[in-house]
Amino acid sequence: MKILVAVKRVVDYAVKIRVKPDKTGVDTQNVKMSMNPFCEIALEEALRIKEAGFAKEVVAVSIGPSQCVDTLRTGLAMGADRGIHVEASYSFLPLTIAKILKSLADVENPGLIFLGKQAIDDDCNQTGQMVAALLGWPQATFASKVVVLDKDKQSATVDREVDEGLETLSVDLPAVITTDLRLNQPRYATLPNIMKAKSKPIKKMTLEDLKVDIKSDIEIVEVTEPPKRKSGVIVSSVDELIYKLKNEAHVV
Amino acid sequence: MQRLFAARSVLGNAVKTRRRQHLSSLSSSLLFDETQLQFKESVSKFAQDVIAPHAERIDKTNSFPKDVNLWKLMGEFNLHGITAPEEYGGLGLGYLYHCIAMEEISRASGSVALSYGAHSNLCINQLVRNGNTSQKHKYLPKLISGEHVGALAMSEPNAGSDVVSMKCKADKVDGGFLINGNKMWCTNGPSAQTLIVYAKTDTKAGSKGITAFVIEKGMAGFSTAQKLDKLGMRGSDTCELVFENCFVPEENILGKEGKGVYVLMSGLDLERLVLAAGPLGIMQACLDIVLPYIRQREQFGRPLGEFQFIQGKVADMYTALQSSRSYVYSVARECDNGKVDPKDCAGTILCAAERATQVALQAIQCLGGNGYINEYATGRLLRDAKLYEIGAGTSEIRRMVIGRELFKE
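- Per an unreviewed UniProt entry, chain B carries the name Isovaleryl-CoA dehydrogenase, mitochondrial and comes from Brassica napus.
- Comment text from UniProt for chain B, heading Sequence similarities (unreviewed entry), reads "Belongs to the acyl-CoA dehydrogenase family."

- Chain A is annotated in an unreviewed UniProt entry as Electron transfer flavoprotein subunit beta of Brassica napus.
- In its Function (unreviewed entry) section, the UniProt record describing chain A reads: "The electron transfer flavoprotein serves as a specific electron acceptor for several dehydrogenases, including five acyl-CoA dehydrogenases, glutaryl-CoA and sarcosine dehydrogenase. It transfers the electrons to the main mitochondrial respiratory chain via ETF-ubiquinone oxidoreductase (ETF dehydrogenase)."
- UniProt, in its Sequence similarities (unreviewed entry) section for chain A, records the words "Belongs to the ETF beta-subunit/FixA family."

### A closer look at the pairing of strand β9 (residues 165-172) of chain A
Residue and element names in this part refer to chain A.
Moving on, step 1. Inspection of the sheet shows strand β8 (residues 155-162) paired to β9 by eight bridges, in the antiparallel sense. Within β9, the residue paired with Ser 155 across the bridge is Asp 172.
Moving on, step 2. The turn joining β8 and β9, which pair antiparallel and follow one another in sequence, is formed by two residues.

### Some points on the environment of Glu 219 of chain A
Residue and element names in this part refer to chain A.
Moving on, step 1. Relative to the helices and strands, Glu 219 resides in the loop between α6 (207-210) and α7 (238-247).
Moving on, step 2. Classification of Glu 219 by relative accessible area gives exposed; the value is 66%.
Moving on, step 3. Residues Glu 219 and Val 86, 133 residues apart in the sequence, show an inter-C-alpha distance of 22 Å.

### Remarks on helix α8 (residues 133-145) of chain B
Residue and element names in this part refer to chain B.
Moving on, step 1. Taking 1.5 Å per residue, 13 residues should reach 18 Å; α8 reaches 18 Å between its end C-alpha atoms and fits that length.
Moving on, step 2. Approximately 35° is the largest bend angle found in α8, and it occurs at Tyr 139, with the proline Pro 141 only one to four residues beyond.
Moving on, step 3. Along its buried surface, α8 packs onto α5 (70-76), α7 (110-130), β1 (150-153), β4 (194-200), β5 (210-216) and β8 (253-254).
Moving on, step 4. Looking one or two residues beyond α8, the residue adopting positive phi is Gly 146, at roughly 95°.

### Overview of the packing of aromatic side chains
Residue and element names in this part refer to chain B.
Moving on, step 1. Scanning the entire structure with this criterion turns up ten aromatic pairs over all chains.
Moving on, step 2. Ring geometry for Phe 177 against Phe 213: centres 5.3 Å apart, planes inclined by 65°, an arrangement best described as edge-to-face. With Phe 177 in strand β3 (residues 176-187) and Phe 213 in strand β5, this residue pair connects regions lying 36 residues apart in the sequence.
Moving on, step 3. We classify Phe 177 as buried; its relative accessible area is 1%.
Moving on, step 4. Take Phe 213: its relative accessible area is 0%, and that puts it in the buried class.
Moving on, step 5. Ring plane angle 20° and centroid distance 5.1 Å describe the contact between Phe 222 and Phe 243, whose orientation is recorded as stacked. Placement of Phe 222 in strand β6 (residues 222-227) and of Phe 243 in strand β7 (residues 238-249) is noted, with a sequence separation of 21 residues between them. Summarising the burial analysis for this pair, Phe 222 and Phe 243 share the class buried.
Moving on, step 6. Against the face of Phe 177 rests Lys 172, its NZ or CZ located 4.7 Å from the ring centre.

Thresholds applied
Residues numbered from 1 in each chain as written. Chains lettered and ligands numbered in written order. Predicted model: local features only at pLDDT ≥ 70, side-chain atom pairs only at ≥ 80, totals over all residues. Heavy atoms only, no water. UniProt positions renumbered as here; feature names shortened; annotations may be inferred. Pairing = 2+ DSSP bridges. Helix = DSSP H or I, 4+ residues; strand = E, 2+ residues; numbered from the N terminus. Buried < 20%, exposed > 50% of the residue type's maximum accessible area, 1.4 Å probe, protein only. Expected span 1.5 Å × (residues − 1). Bend = angle between axes of the 7 residues up to and from the residue. Contact = heavy atoms within 4.5 Å. Phe/Tyr/Trp six-rings, centres within 6.5 Å; stacked < 30°, edge-to-face > 60°. Lys NZ or Arg CZ within 6 Å of the ring centre and 35° of its normal.

Written out as structure tokens, the structure is:
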């Protein structure tokens, strides 16, 4: 079985974000970029499944500008077998990404597609679900535990973290799984693996190759910082509190 | 957008602070290629996750942690045998990679880095460079995996800078030598299983009478004395070695009898280069503390970092670090190309060590009163930094080596 893992290049989580003066987005010039932490967890899970003998190959894919190759190299250094870089000069929204991943899945025929539950830059939490829908495959999102049952049965048991607690699903393969924080602790890329990764292939593909229509129905109008947190007010009675909650904060 | 910020802070707290701000990411590209940068990132993550949390306690208790085996963990990360051949479990790479590892470990903990440097360079690398095949097969695999700890001893209570005047002697007997004498300032001495020790097989021949030996813990007549109570680098166990009629078999000679001084002196060049990355890590650790502090701490209604005096200080700290870094890694690259110049090897540690002490002092100053209490790491950074002006040849000796060579040329 082949496992496809989508990894996204995002602003490193430790960086202090600044909004661009023209309000078109977040400043990414000279800012440290890294693999999305949830994508790292997704890749780690795929590698563990391969090491347990349930998959033959782990393929990492990243969509974006040429620097995405760095993200793929990190993935290869962790242990992915090969990488695919889909060239795109600007960042796409989840539906376009999902369409690209569907096209790739049609070509690569993986038994599992792993994604992080969301990217820490846009927090969309949509791509995994959309890919599953486009492919008509079952999906198990917010995975906190994945067990692939025997190869013949071709199914997996996934524990999902939901609002009410944990939900256990059984999904037939091929399926889409998105990973949550507590699923695993991603491995470090050791120097021997970084060296080995240099000779692993990264295939370049274009949107034309995949015949994907990138027209988006969504346009980002403006990006602004959240309002600065104002200091609190001391109220003198419960009545005053209720009045303020109702008429000033509009939360009741 | 609001959820983004909230989610980010939740993520930051939930995931252990894995990656500190990568401060000099701009200029690192001048020094390193892509692969080296990847390695630096990776070691940095590892060191911050695995080593840094123990740094304060290691200093306070003057010992390595008991609940984790740092030697094994570093071994699993393939850090010990960077310069050792692959057939013994090493990586077969050069000093550039070794310095990268040393710097990042030092950034996490000065004490761990010093012990790591002694183990991986002073012991392992000397075995790699001077050992014969059977010695390498016997000692390297366990040292490289981290199962065994390595050390090296040349100085004595009465022979520091004047190391060639060492009195520890090795008398020829049937099948080997009997070693008698004391060694001082042995890093990792208390815990090492494999030690490289220099002794005089011919006390009348001066420097030409020195021979290098491989000593094993447990050899009859070899013992370690008190662990030293040091100002800094606490936890990097240092002690005196005692030899009382310690029998060492013939096959444990490292290199050739009477040729120990070449092993010693050529080893010192590379030791100085790799250890020079230690103060680099300390300077980086100083900036890691000072920069967030001057952004947060306010006086007179403004963050400290808005005042010119403070800006001047951090500028000096930054340029001291960057210039020392350039020197160290350039020389490392030259050594990897086979050109080892004793002047530059001594120069790198002379430069980096003295700068690191000054940077640490300034770090304390930037924190003001807070810099003076042990709740902040700046005090430890100063105490750790100072060692590098003394160990591996004092600054005075380094100056002499460089000046003497320049005079000769």
